[in-house]
Amino acid sequence: MKTDLRSVALFIGIFLFVCLNYWRINDAGFVTDFTGLIAKMEGKSWWDALKSFGFPSLMPLLNVVYFFLYKCFGLNPIPWFVT
């Protein structure tokens with residue numbers, strides 16, 4: 001039990017350290033390939049996300065994750081930064 005608490009505390013400590021060090025980039029914006037993906041996502045469904053919005057992609061599951069985050073948070077930078 002003691003080891004589990006140490007592992008959790010270590011994880012939280014590292015997570016907070018990384019977040020604090022990268023905090024200054026939270027308003028850096030998105031790179032241009034993502035802005036193209038946003039344009040493809042507008043008005044699309046979950047099924048379209050599984051089909052990579054009509055363009056060839058080797059990572060359809062990643063597109064589903066992006067679609068989920070976009071639908072939940074929009075373009076708010078803080079949730080994207082945390083995830």
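Everything that follows concerns the structure shown earlier in this document.
Let us look at the structure shown here.

All right, on to the overall build of the chain then. Of regular secondary structure, the chain possesses five helices and zero strands. In the chain, the succession of α and β elements from N to C terminus is α-α-α-α-α. Taking all 83 residues of the chain together, the buried fraction comes to 19%. Pairs at least 24 residues apart make up 42% of the contacts formed inside the chain by residues separated by at least 6 positions. Only carbon and sulfur atoms are counted for the fraction: they give 70% of the accessible area of the chain, which is about 6,500 Å².

Quick look at a nonpolar patch on the surface now. On the surface, V8, F11, I12, F15, L16, W23, I78 and V82 cluster together into a nonpolar patch covering about 750 Å² of accessible area. For the nonpolar patch, the secondary structure elements donating two or more residues are α1 (2-22) and α5 (77-82). Looking at which element gives the most residues to the nonpolar patch, the answer is α1, with five residues. Looking at the element boundaries, V82 is found in helix α5. Owing to a relative accessible area of 44%, V82 belongs among the partly exposed residues under this scheme.

To continue, consider the packing of aromatic side chains. The full count for this structure, using the stated rule, is four aromatic pairs. Taking the centre distance of 6.4 Å and the plane angle of 40 degrees together, the rings of W46 and F68 count as tilted. With a gap of 22 residues between them, W46 in helix α3 (residues 46-50) and F68 in helix α4 (residues 60-73) connect regions that are remote in the sequence. Seen in terms of ring centroids, F53 and F67 are 5.6 Å apart; in terms of plane orientation they differ by 50 degrees. Their pairing is tilted. With F53 in the loop between α3 and α4 and F67 in helix α4, the pair connects residues that are 14 residues apart, well separated along the chain. There is no split in this pair, since F53 and F67 are both buried. The structure contains a cluster of three or more aromatic residues connected by ring pairs, namely W46, F53, F67 and F68.

Scoring rules and cut-offs
- Residues numbered from 1 in each chain as written.
- Predicted model: local features only at pLDDT ≥ 70, side-chain atom pairs only at ≥ 80, totals over all residues.
- Heavy atoms only, no water.
- Helix = DSSP H or I, 4+ residues; strand = E, 2+ residues; numbered from the N terminus.
- Buried < 20%, exposed > 50% of the residue type's maximum accessible area, 1.4 Å probe, protein only.
- Contact = heavy atoms within 4.5 Å.
- Areas by Shrake-Rupley, 256 points an atom, 1.4 Å probe, with all protein chains shown as cover.
- Patch = residues over 30% accessible without salt bridge, like charges linked within 9 Å, V, L, I, M, F, W, Y side chains within 5 Å.
- Salt bridge = Lys/Arg side-chain N within 4 Å of Asp/Glu carboxyl O.
- Phe/Tyr/Trp six-rings, centres within 6.5 Å; stacked < 30°, edge-to-face > 60°.

These values are about where atoms sit, not about what they do.
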